[in-house]
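Commentary on secondary and tertiary structure
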Amino acid sequence: MSGAPSADWLGELVNFSADAIVLVNADGVITWASPATEEVLGYRADDIAGVHAPDLIEPADRDAWQALVGRLFDDPSKPVRGTFRCRYKDGSLRWIEGVARNLLQEPRVGGILVSYRDVTIRRVAEPMLKDTEDRYGHLFSSAADVIFEADAEGYFRFVNPQTLRLFEFEQDEVIGRRFTEFIRADYRPQILQHYYRQTQEGRMNSYIEFPAITKSGREVWLGQNAWIITDVTGKLIGMQAVARDITERRKAEEALRAAEAKYRALVEQSLMGVYIMQNDRLVYVNPKAAALLGYTQQELIEMTAPFPFLHELDRALVRDQLARLDPDRVQSVQLALRGVRKDGEVIQVEAFCSITEFGNERAILTTVHDISDRVKLEDQLRQAQKMEAVGRLAGGIAHDFNNLLTAIRGNAELMSHRVKKDPAMAAEVDEILHAADRAASLTRQLLAFSRKQVLQPVALDMNEIIGSVSRMARRLIGTDVQLRLELSPAISQVLADPAQVEQVLLNLIVNARDAMPTGGTITVQTSNVSLGAHAPEIIQAGIAPGAFVLLGVSDNGIGMDAATKARIFEPFFTTKETGRGTGLGLSTVYGIVRQTGGAITVDSERGKGANFRVYLPAVAGESQ
């Protein structure tokens, strides 16, 4: 279409306009109305012509209408805008917004042109919108969280007051700056990559935690939820975010992680076995716990049978004691148990069981300490104490018996002089004297055992003693038994009574011979050794640690069971048949060794021979 629009074409535009148009004369009477008038006020164009315009306006708003008309006449060149309540044809109130122009002087119009529309819905919504804006504006302003909006390039468009308080900036110092400027430098690439992925994947919101830096240089950790903003075409136009200060939480989590790492290290490196059990199955074991039983940690956790690592005679006790555990009454129990290692060895353990949680479920925490060595030492100590008591008894008996022997022998010697002329009587007296000598020999052995015999110690070489005794010993042991010497050439000297050392050696050799009725080999060895304060021999004998000379006598005979080994050093205890032994041989050895300040131990099993080890203190200053 070219040239000026025709009147018909312009008329059609007016007729199709969504806004209603009326012409009002100088007296306020409507002289013409467009078809849209029916849509806005309910009146048809023909019906409203001739109506006085102020009559359509709600009385309360007519003064405002008159003021509008006054402005039109004051300055006809300027259009005037106003909003009034009008009565719809059905009597209902409508909000009408109009724009009026004074065209009374325009020859082609000759009236006041009013273009108006129904804005009732908007006017009703405006208070609600304002109320919503006020409410959410208050939340935005008073929120304890950081709230901001940034454009597509990441520049702040607006921020709430908490953002300024947290970062210690004024608003003009923040608006127009990129939000990444406030993130700790080493985290910026990670944050940019995070939001790039969010945009590429089309995720509307995401969460991330990062450290930010305030104006004063203080570091704060933020947990941030962010939403991307797009236009109708889906193009990114900005981002909105809400971030919370999680600094204290991060510190607490870091402290918790450090504490967990520390206590896990303590448990993992503990010298105590730590077990956690649920429903009769292990769910955690530390390395020490696995080593204690000879299994791997995984092997123990994979066990399905209940308590397979406990001695079968102790399982009922464990079940009964664990069933007693109750948070309100019995919170822990202490047990002495026998464990069974993977190789079948039985160990003595002490267990402390208590209630705990594992995986948010009730569990039983057990710490276990291997007391096998302690039990052995306690047994040895009890045996030593018993031997000490028996020794004191034997010493007292020997003294009393020796006094009796003195009287018997004295009277027998006097009698022997009186009966020299009577051979028969003299022979009987000699028998009394021989019996007294044998009894005196027993007395000396008892005194040696009880460590009350008078010693004459000198510094001596054990190898020389063994050399001289071995010649006599070979005649005693017979041809079926071989005597083998394994003597260290650079042996230290010991301070001891030579006769008593010879007696110790002979008694041990004779004892070994009696243990090999069908023949065998007796091995005598010497060496220099050093025993520390925690050595079993030191603890058992209660002597000072240091340098010792070891005298070992071993055989490959019948050996001893545990019950026999426990009593081997007791006076008058013997496994020989009646008439073959007094039971004082090994008890005498024990007494002499203890009286010399040494220790003696024996290792033996039935069918595997025996090994006696005598430790005598080395002379101070001797090199080893």
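I will try to describe carefully the structure that is included in this document.

Criteria and thresholds
Residues numbered from 1 in each chain as written. Predicted model: local features only at pLDDT ≥ 70, side-chain atom pairs only at ≥ 80, totals over all residues. Heavy atoms only, no water. Salt bridge = Lys/Arg side-chain N within 4 Å of Asp/Glu carboxyl O. Buried < 20%, exposed > 50% of the residue type's maximum accessible area, 1.4 Å probe, protein only. Helix = DSSP H or I, 4+ residues; strand = E, 2+ residues; numbered from the N terminus. Core = buried A, V, L, I, M, F, W, Y, C linked by side-chain atoms within 4.5 Å. Contact = heavy atoms within 4.5 Å. Pairing = 2+ DSSP bridges. Axes fitted to C-alpha atoms, helices over the stretch in contact; angles between N-to-C directions.

**A closer look at the pattern of salt bridges**
Summed over all chains, the structure comprises 29 salt bridges. The partner of Glu 149 in a salt bridge is Arg 157, with the nearest N and O atoms 3.0 Å apart. The class for Glu 149 is buried, based on a relative accessible area of 11%. The partly exposed category is assigned to Arg 157, whose relative accessible area is 36%. One salt bridge in this structure joins Arg 250 and Glu 209, with 3.1 Å as the shortest N-O distance. Placement of Arg 250 in helix H8 (residues 247-268) and of Glu 209 in strand E8 (residues 205-213) is noted, with a sequence separation of 41 residues between them. One network of salt bridges, in which partners are shared, links Glu 209, Arg 249, Arg 250 and Glu 253.

**Describing the nonpolar core**
Ranked by internal contacts, the top residues of the largest apolar core, which has 40 residues, are Ile 522, Val 524 and Phe 612. Sorting elements by how many residues they give to this core places helix H15 (residues 498-514) first, with seven residues. The residues contacting Phe 612, other than those within four sequence positions of it, are Leu 508, Asn 511, Leu 551, Gly 552, Val 553, Met 560, Phe 569, Leu 586, Ile 600, Thr 601 and Val 602.

**Some points on the sheet that holds strand E14 (residues 346-358)**
The five strands are arranged E12-E11-E15-E14-E13 in an open sheet whose pairing can be described as antiparallel. With one partner strand each, in any of the chains shown, strand E12 (281-285) and strand E13 (332-340) form the two edges of the open sheet. Mean inter-strand twist for the sheet, computed between neighbouring axes without regard to direction, equals 35 degrees. Relative to E12, strand E11 (residues 273-278) runs antiparallel, the two sharing four bridges.

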